[in-house]
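As a plain string of letters, each chain reads:
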Amino acid sequence: QVQLVESGGGLVQAGGSLRLSCAASGRAFSSYAMLWYRQAPGKEREFVASISWSGGSTYYADSVKGRFTTSRDNAENTVYLQMNSLTPEDTAVYYCNAAPRTIATMDGSRPIGYWGQGTQVTVSS
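Residues numbered from 1 in each chain as written. Predicted model: local features only at pLDDT ≥ 70, side-chain atom pairs only at ≥ 80, totals over all residues. Heavy atoms only, no water.

This part is about the packing of aromatic side chains. Evaluation of the coordinates by the stated rule reveals four aromatic pairs. The interplanar angle of 50° and the centroid separation of 5.0 Å between the aromatic rings of Tyr37 and Trp115 together place this pair among those described as tilted. Here Tyr37 is found in strand E4 (residues 32–39), whereas its partner Trp115 is found in strand E10 (residues 114–115), with 78 residues between them in sequence. Among the residues examined, Tyr37 registers a relative accessible area of 2% and is labelled buried. When its relative accessible area of 30% is taken as the criterion, Trp115 is described as partly exposed. Their ring planes at 45° and their centres at 6.0 Å tell us that Phe47 and Tyr59 sit as a pair that is tilted. Here the residue Phe47 occupies a position in strand E5 (residues 46–51), and Tyr59 occupies one in strand E6 (residues 58–60), the gap between them amounting to 12 residues. (Phe/Tyr/Trp six-rings, centres within 6.5 Å; stacked < 30°, edge-to-face > 60°. Helix = DSSP H or I, 4+ residues; strand = E, 2+ residues; numbered from the N terminus. Buried < 20%, exposed > 50% of the residue type's maximum accessible area, 1.4 Å probe, protein only.)

A complete count under the given rule lists one disulfide for this structure. Each sulfur in the disulfide pair Cys22 and Cys96 lies 2.0 Å from the other. Looking down the S-S bond of the Cys22 and Cys96 bridge, the torsion is 50°, so its handedness is right-handed. Pair noted here: Cys22 is in strand E3 (residues 18–26) and Cys96 is in strand E9 (residues 92–100), with a separation of 74 residues, a long-range link. Among the residues examined, Cys96 registers a relative accessible area of 0% and is labelled buried. (Disulfide = S-S within 2.5 Å.)

Of note, Arg110 is situated in the loop between E9 and E10. The spacing of Arg110 and Phe47 is 63 residues in sequence and 9.8 Å in space, taken between C-alpha atoms.

Let us now look at unusual backbone geometry. With a phi close to 55°, Asn77 is a non-glycine residue in the positive phi region. Relative to the elements of secondary structure, Asn77 occurs in the loop between strand E7 (68–73) and strand E8 (78–83). On the basis of relative accessible area, Asn77 is assigned to the partly exposed category, the value being 26%. Unusually for a residue other than glycine, Ser85 sits at a positive phi of about 50°. Here Ser85 lies in the loop between E8 and E9. Taking relative accessible area as the criterion, Ser85 reaches 41% and is therefore assigned partly exposed.

Moving on, we get to the nonpolar core. By size, the foremost hydrophobic cluster in this structure holds 35 residues, and its most contacted members are Met34, Leu81, Met83 and Tyr94. Of all the secondary structure elements, the ones that give two or more residues to this core are strand E1 (2–7), E3, E4, E5, E8, E9 and strand E11 (119–124). Looking at which element gives the most residues to this core, the answer is E4, with six residues. Each residue touching Met34, except ones within four places of it in the same chain, is listed here: Leu4, Cys22, Phe29, Ala49, Ser50, Ile51, Arg72, Val79, Asn97 and Ala98. (Core = buried A, V, L, I, M, F, W, Y, C linked by side-chain atoms within 4.5 Å. Contact = heavy atoms within 4.5 Å.)

Bringing the environment of Gly8 into the picture now. Along the polypeptide, Gly8 turns up in the loop between E1 and strand E2 (10–13). A relative accessible area of 34% means that Gly8 is categorised as partly exposed. Residues in contact with Gly8, not counting those within four places in the same chain, are Leu18, Arg19, Leu20 and Thr119.

Keep in mind that these numbers describe shape and distance, not what the molecule does.
What follows is the structure in structure tokens.
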């Protein structure tokens with residue numbers, strides 16, 4: 001079992017920045033690739049970003065490439081999502097996901113594993 005707790009969401013103006021954190025507890029954090037997803041009102045959940053168990057590889061959705069950066073600190077059992085140049089279209093609940101590294105799909109196409117409770121990000125125009 002892995003427990004995930006996201007934090008760092010909030011209200012920000014367009015063009016602003018936020019950094020989300022996802023703290024993990026339970027089984028070995030480095031056993032998991034970490035992914036970020038988001039879900040806007042009335043829309044399906046979508047993949048945002050991922051990072052391999054070592055932090056050596058990252059993958060981003062086209063919609064956030066160049067604006068968002070994910071990183072992880074395995075010593076602190078935490079993954080981060082730095083979000084810059086935010087737009088109202090980024091408004092959503094953001095979820096972190098821990099996927100076993102042997103079966104994780106880094107493009108997020110097959111969600112698997114453990115989920116956090118989500119944190120709301122609202123970008124005003």
